[in-house]
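Summary of the model geometry
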Amino acid sequence: MAISALPARGVAGATAPTAPRWRCAAVTFTKWWESWCRMTERLELVLYHVGGAGGYGVLDQVMVPHPEICTLIVFEARDDAKDREEVAQLRKKGVNAFLVKACVADKMGAARFFVNTYLQSSSMLRPAPAMLNEHVGVYLDTPLIKEWGEVAVCDQEIEVEAITLEAFMAAGGPPPDFISLDAQGMDVKILRGVGPRLDHVLGVCHESAFEPVYEGQETFGAASALLEPLGFRLADLLGPQYWHPGPAFGRGFLTVADPLWLRRVGRIESVMDCIKGAALAFPLGHLSYAYMLMEKALVLDEVETMQVATAYPELLELVDAVERHLPRYRQDNKWLAQHIKLEWVQP
């Protein structure tokens, strides 16, 4: 199945389709997805990633143990050969991976997109003037660039057709179990654009700022205010970046990180969602959370849990291992941390 690119209006060679290609892709994809799930009758994780340039953050870890149960949909505003190659490689590994060329935002319609010389900083937002002189070079792959203003130099401004994740799902796209965002300042806006379905997502990881580095960027506080009332709990702050007001040495200021949010055990209701939540958390090393979700699933319906979890036997092995070690844990609160070791779990 081919997912067509969504052409950017105003770009040479682009033509306006009679119906948005992303919408046709969503309808076509969901028919295939539903048919595949019926045929396999197995656990399936639907993963969204917004923002490309190869590498999909925590999703790279989530997909390692059982790629065959993972469906990854990547949304990328630019036509990026690296993403096409990355998706092709994931398919060879067994992941049902698809690339949708679309600019995801909080509202539909024509929008500007700034393609920067340093492509990873490309965004729908301009860099914040107050942060242009911040020194960030230690996080880059070149020794010559020092300041944020050098990183976020606009090379080309294009007009794109923006969509929301809510619209993609309304057009037939399968609802996500986990959302990963690397959207350069647009993370909170994109999450708002998920709409009511956000209340059913099991996990979120997004690039967030503690100080706006793009104009109009909403910071970590806004993300927390959005997600916590929906039942999410902050699990980790990944990849923290400490920016410097001058030459980079010594300790800087926490400016950017990737918050990982997982839905609270008490806010997950079904056996399937409990097992999905455990399958998402397990390869990320959140073993206690995965165990509690599996315990809840077994209480809700032991037969269904045993049937569904056959697609991810490590989850049942985790439950068995914890149960065997619990008597010792009651005598030594460090026992489980020392003895529950699964070799492929990421540190």
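Placed above this text is the structure.
Model, not experiment: these values are computed from the prediction. (Residues numbered from 1 in each chain as written. Predicted model: local features only at pLDDT ≥ 70, side-chain atom pairs only at ≥ 80, totals over all residues. Heavy atoms only, no water.)

So, the sheet that holds strand β4 (residues 103–104)
- Pairing within the open sheet is mixed, and its three strands lie in the order β4-β6-β5. Edge positions in the open sheet fall to β4 and β5 (109–116), since each of these has one partner strand only. (Pairing = 2+ DSSP bridges. Helix = DSSP H or I, 4+ residues; strand = E, 2+ residues; numbered from the N terminus.)

Brief notes about the packing of helix α8 (residues 271–281) against helix α9 (residues 287–300)
- Axis separation between α8 and α9 bottoms out at 8 Å; the angle between their running directions is 160°. In terms of orientation, α8 lies roughly antiparallel with respect to α9. Once α8 is placed against α9, the crossing between them reads as left-handed. Facing α8, whose interface residues are V271, C274, I275, G277, A278 and A281, α9 presents Y289, A290, L293, M294, K296, A297 and L300. (Axes fitted to C-alpha atoms, helices over the stretch in contact; angles between N-to-C directions. Parallel < 35°, antiparallel > 145°, perpendicular 65-115°, else oblique. Left-handed = near helix turned anticlockwise from the far one by under 90°. Contact = heavy atoms within 4.5 Å.)

Description of the pairing of β5
- β5 sits mainly inside the fold: six of its eight residues count as buried.
- As paired strands, β5 and strand β6 (residues 154–163) are joined by eight bridges and run antiparallel to one another. Paired with N116 across the strands is C154, a residue of β6. (Buried < 20%, exposed > 50% of the residue type's maximum accessible area, 1.4 Å probe, protein only.)

Considering a nonpolar patch on the surface
- Among the surface-exposed residues, V138, Y139, L234, L237, Y242 and L254 lie close enough to one another that they form a single nonpolar patch of about 470 Å² accessible area.
- Considering each element in turn, the nonpolar patch owes the most residues, three residues, to strand β10 (residues 232–243).
- As for its placement among the helices and strands, L234 is situated in strand β10. (Patch = residues over 30% accessible without salt bridge, like charges linked within 9 Å, V, L, I, M, F, W, Y side chains within 5 Å. Areas by Shrake-Rupley, 256 points an atom, 1.4 Å probe, with all protein chains shown as cover. Salt bridge = Lys/Arg side-chain N within 4 Å of Asp/Glu carboxyl O.)

Some points on α9
- Over its 14 residues, α9 extends 20 Å from the first C-alpha to the last, a length consistent with the 20 Å expected when each residue adds 1.5 Å.
- Restricting attention to buried positions, one finds in α9 the residues L287, Y289, A290, Y291, L293, M294, A297 and L298. (Expected span 1.5 Å × (residues − 1).)

Quick notes on the nonpolar core
- Within the largest apolar cluster, 52 residues are counted, with the highest numbers of intra-cluster contacts made by L47 and L72.
- It is α9 that provides the largest number of residues to this core, a total of eight residues.
- In this structure, Y118, M124, F168 and I179 belong to the second largest nonpolar core, which totals 51 residues. (Core = buried A, V, L, I, M, F, W, Y, C linked by side-chain atoms within 4.5 Å.)

Some thoughts on the pattern of salt bridges
- Tallied over the full model, the rule gives seven salt bridges.
- E157 serves as the salt-bridge partner of R112, at 3.8 Å between the closest nitrogen and oxygen. Placement of R112 in strand β5 and of E157 in strand β6 is noted, with a sequence separation of 45 residues between them.
- Here R112 falls in the partly exposed class, since its relative accessible area comes to 46%.
- D320 serves as the salt-bridge partner of R324, at 3.1 Å between the closest nitrogen and oxygen. Taken together, the residues span about one helical turn, with R324 and D320 both in helix α11 (residues 313–331) at a distance of four residues.
- On the basis of relative accessible area, R324 is assigned to the exposed category, the value being 55%.
- When salt bridges that share partners are traced, they join R112, R126 and E157 into one network.

Observations regarding the packing of aromatic side chains
- Per the counting criterion, the structure on display carries eight aromatic pairs.
- With a centroid separation of 5.4 Å and an interplanar angle of 90°, the aromatic rings of W148 and Y214 are classed as edge-to-face. One end of the pair, W148, is in helix α4 (residues 148–151); the other, Y214, is in the loop between β9 (208–209) and α7 (220–227), with 66 residues separating them in the sequence. Take W148 and Y214: they sit in the same class, and that class is buried. (Phe/Tyr/Trp six-rings, centres within 6.5 Å; stacked < 30°, edge-to-face > 60°.)

As for α8
- Counting buried residues along α8, nine of its 11 residues qualify, which places the element largely inside the surrounding structure.
- Among the residues making up α8, those that are buried are V271, C274, I275, K276, G277, A278, A279, L280 and A281.

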